[in-house]
Amino acid sequence: MNRVNGMQGPALSRRSLMGTGLGLGVAALAGTGAGAAHAVPSASPRRRGLAFLAAALDAYPDHGPIRLAQSYSDEAGLFSTAFTYDNALAILALLATRTADGRDRAVLLGDALLYAQQHDPVHDDGRLRQGYNVGPYTFYDGSRQPDGFVRADGAANVGTQFGFTGTAVGDMAWAGIALSALARRTGERRFLGGAVRIGEWIERNGRTDEPLGGYKFGVNGADEKLPFTSTEHNTDLLCLFGRLARLTGDRVWAARRARAEAFVMRMWEPAGGFFYTGTNDGVTVNKSPIPEDTQTWTHLALDSRAHARSLDWAARELAVLDHAGRRNSTVPAGQSYDGVTFSSASLLADEDAPIADSQPKPDRNGVWFEGTAHLALALRDRHRRGDEARARRLLDSIERAQDLLGGGQTVGGRALPERAGVVSASSPLDTGFGFGYYPYRHVGATAWYLMAATRSNPLRV
């Protein structure tokens, strides 16, 4: 979510260092042992997606019952990193299954987020970090990371090797949204308590009285406040603060939601029918790049007929078709995928230069499957003439990718179930915000697919 000015930003979000190389009877489908790796080749696309979430959650069975899901397959080069954002999405996708097993796994993940909140190695103020380690590995420099999610001293195992130590308002908001969903589903007060602590942290650390208002980006690993304000983050807060207002009965949350909404509305460009990305200084609106999720998430959170044109903008202006004939495509011969890319800058990426050091060159038409799922869900939610057909075409593309891309990948050294889990991108793509996405199976992309497939809107209060 480092997307405010389009330049390389601090390592704060689950997205900012992707250029490093990077669960419906799910237990029965995927299991926890290597012998279950080929258990679901004929299952439905949804069940295979859930099997991937189960495999990511159960990747390190020898390292304790308190755990998060590894975000990417091992091939991404991020080892056992579990991003807070991805795990929040996994909770929401598991709850969308409306099954006892999905609920149980969502509760397990929710309790792990609460553990991280209560056992941070440095802070006791309700924050969560960008990412955590959930299993052992040897880092590139030869240093050993021996612990699971819970360190030997009982502290949560923060992802220090990659610098995933900061706290972004958007990541916090999604964790709060997931915990609030668990509070509603289970009636357990501990989840509401964790969500309230997150909301209070955001109020203390994010609120700004700058001219454009809203809530700022968060803090870096040194606990220094960052100057950016993100449309995406404030959109997330519409849901979190709205849910806290309803669940607690405290009117202060409605006032805070109104502050976030006012910022989002200031980012609307009526002439073009889209939302800008945010501001660097709280005074000037950044006009470029224009990202996809500020178009789709705003609709999911606002349900505003006056602003629903943002979906048409994203579907039209960010549309891509990736196939083997493209210059830097990694799609196998005979395959093609359509969807949307990350931002307007992705369409202008320098195809002669690597996205980052030691990384491949980008494909301007690489499909961002997480964003493609956002759009499919938002179109289904809007439900105008033609929207369902457009959404179904996008979902077909994602399901084809789950079938055919990312084969042979592993999590925690264990083979993933066949054809299970959606890769983050069809080919390497440059986001335009200083990082890239690659064809590695991904908890976040898979969770958004499952929510789109089940018509489950995670941002509606």
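From a predicted model like this one, the values you see are computed outputs, not experimental measurements.

Put simply, helix H12 (residues 387-404) and helix H13 (residues 443-453) touch, their axes get as near as 11 Å, and they point 135° apart. Taken together, H12 and H13 sit at an angle that is classed as oblique. You can see that H12 and H13 cross each other, and the crossing is left-handed. Facing Leu395, Ile398, Glu399 and Gln402 of H12, the residues of H13 in contact are Tyr449, Ala452 and Ala453. Grouping the constituent residues of the contact of H12 with H13 by class yields five nonpolar, one polar and one charged.

Further remarks concern the pairing of strand E12 (residues 319-323). A one-sided burial pattern is seen for E12, the buried positions being Val320 and Asp322 and the unburied ones Ala319, Leu321 and His323. Note: E12 against strand E13 (residues 336-340), five bridges, orientation antiparallel. Across the sheet, residue valine 320 finds its bridge partner in E13, namely glycine 339.

It is worth spelling out the side chain of asparagine 234 at this point. Along the polypeptide, asparagine 234 turns up in helix H7 (residues 231-248). Polar contacts involving the side chain of asparagine 234 include one to the main-chain amide nitrogen of tyrosine 215, which spans 2.9 Å. Once you skip the residues sitting within four places of it in the chain, asparagine 234 turns out to touch Gly214, Tyr215, Thr229, Ala260, Phe263 and Val264.

Moving on to the environment of alanine 245. Within the secondary structure, alanine 245 is located in helix H7. Taking the C-alpha atoms as reference points, alanine 245 and arginine 105, 140 residues apart in sequence, are found 27 Å from one another. Excluding anything up to four places from it in sequence, alanine 245 contacts Asp250, Trp253 and Ala254.

Right, let's get into the packing of aromatic side chains. Applying the stated rule across the entire model yields 30 aromatic pairs. Consider the rings of phenylalanine 79 and tyrosine 137, whose centres lie 4.5 Å apart with planes at 5°: the pair is stacked. With phenylalanine 79 in the loop between helix H2 (45-57) and strand E1 (81-83) and tyrosine 137 in strand E3 (residues 137-138), this pair connects stretches of sequence that are 58 residues apart. Here the aromatic rings of tyrosine 215 and phenylalanine 241 are separated by 5.4 Å at their centres, their planes lie at 70°, and the arrangement is edge-to-face. Placement of tyrosine 215 in the loop between helix H6 (189-206) and strand E6 (218-219) and of phenylalanine 241 in helix H7 is noted, with a sequence separation of 26 residues between them.

Taken in spatial order, the three strands line up as E7-E10-E11 in an open sheet, and their pairing is antiparallel. What marks the edges here is a single partner per strand, and that holds for strand E7 (229-230) and strand E11 (285-286). Pairing between strand E10 (residues 278-279) and E11: two bridges, direction antiparallel. Across the sheet, residue glycine 278 finds its bridge partner in E11, namely asparagine 286.

Further remarks concern helix H5 (residues 169-186). For H5, with 18 residues, the first-to-last C-alpha span of 25 Å sits near the 26 Å given by 1.5 Å per residue. Within H5, 16 of the 18 residues are buried, which leaves it mostly tucked inside the rest of the structure. Taken from the residues just after H5, glycine 187 is the one with a positive phi, measuring 75°.

Turning our attention to the pattern of salt bridges. Evaluated as defined, the whole model comprises 33 salt bridges. Across the pair aspartate 312 and arginine 382 runs a salt bridge whose closest N-O atoms are separated by 2.9 Å. Separated by 70 residues along the polypeptide, aspartate 312 in helix H10 (residues 309-317) and arginine 382 in helix H11 (residues 369-382) bring together distant segments of the chain. What makes aspartate 312 partly exposed here is its relative accessible area of 22%. One salt-bridge network, held together by shared partners, links Asp58, Arg67, Asp101 and Arg105.

For the chain, the average pLDDT comes to 92, and 91% of its residues sit at 70 or higher. Confidence over residues 1-39 falls short of pLDDT 50; this stretch has 166 contacts with residues more than four positions distant or in other chains.

At a closest axis distance of 10 Å, the pairing of helix H4 (residues 100-118) and H6 adopts a crossing angle of 45°. Put simply, H4 runs oblique to H6. As H4 packs across H6, the resulting crossing turns out to be left-handed. When H4 is examined against H6, the residues Val107, Gly110, Asp111, Leu114, Gln117 and Gln118 are found in contact with a partner set consisting of Arg190, Phe191, Gly194, Arg197 and Ile198. Per-class residue counts for the contact of H4 with H6 are four nonpolar, four polar and three charged.

Position of asparagine 365 among the secondary structure elements: in the loop between E13 and H11. The exposure class of asparagine 365 is buried, given its relative accessible area of 19%. If sequence neighbours within four positions are ignored, asparagine 365 has contacts with Val320, Leu321, Asp322, Arg326 and Ser426.

As for its position among the elements, glycine 148 is in the loop between strand E4 (144-145) and strand E5 (167-168). Linking glycine 148 and valine 169, residues 21 residues apart in sequence, is a C-alpha distance of 26 Å. If near-sequence neighbours (up to four positions away) are discounted, glycine 148 is found in contact with His63, Asn133, Val134, Gly135 and Asn157.

Take unusual backbone geometry next. Here serine 288 and proline 289 are connected by a cis peptide whose omega angle stands at -5°. With respect to the helices and strands, proline 289 occurs in the loop between E11 and helix H9 (293-302). For aspartate 303, which is not glycine, the phi torsion reads 50° and is therefore positive. With respect to the element layout, aspartate 303 can be found in the loop between H9 and H10. Here serine 358, not a glycine, exhibits a phi torsion of approximately 65°, which is positive.

The rules we used
Residues numbered from 1 in each chain as written. Predicted model: local features only at pLDDT ≥ 70, side-chain atom pairs only at ≥ 80, totals over all residues. Heavy atoms only, no water. Axes fitted to C-alpha atoms, helices over the stretch in contact; angles between N-to-C directions. Helix = DSSP H or I, 4+ residues; strand = E, 2+ residues; numbered from the N terminus. Parallel < 35°, antiparallel > 145°, perpendicular 65-115°, else oblique. Left-handed = near helix turned anticlockwise from the far one by under 90°. Contact = heavy atoms within 4.5 Å. Nonpolar A, V, L, I, M, F, W, Y, C, P; charged D, E, K, R; others polar. Buried < 20%, exposed > 50% of the residue type's maximum accessible area, 1.4 Å probe, protein only. Pairing = 2+ DSSP bridges. Polar contact = N/O pair within 3.5 Å; in protein donor to acceptor, adjacent residues only side chain to side chain. Phe/Tyr/Trp six-rings, centres within 6.5 Å; stacked < 30°, edge-to-face > 60°. Expected span 1.5 Å × (residues − 1). Salt bridge = Lys/Arg side-chain N within 4 Å of Asp/Glu carboxyl O. pLDDT = per-residue confidence, 0-100.

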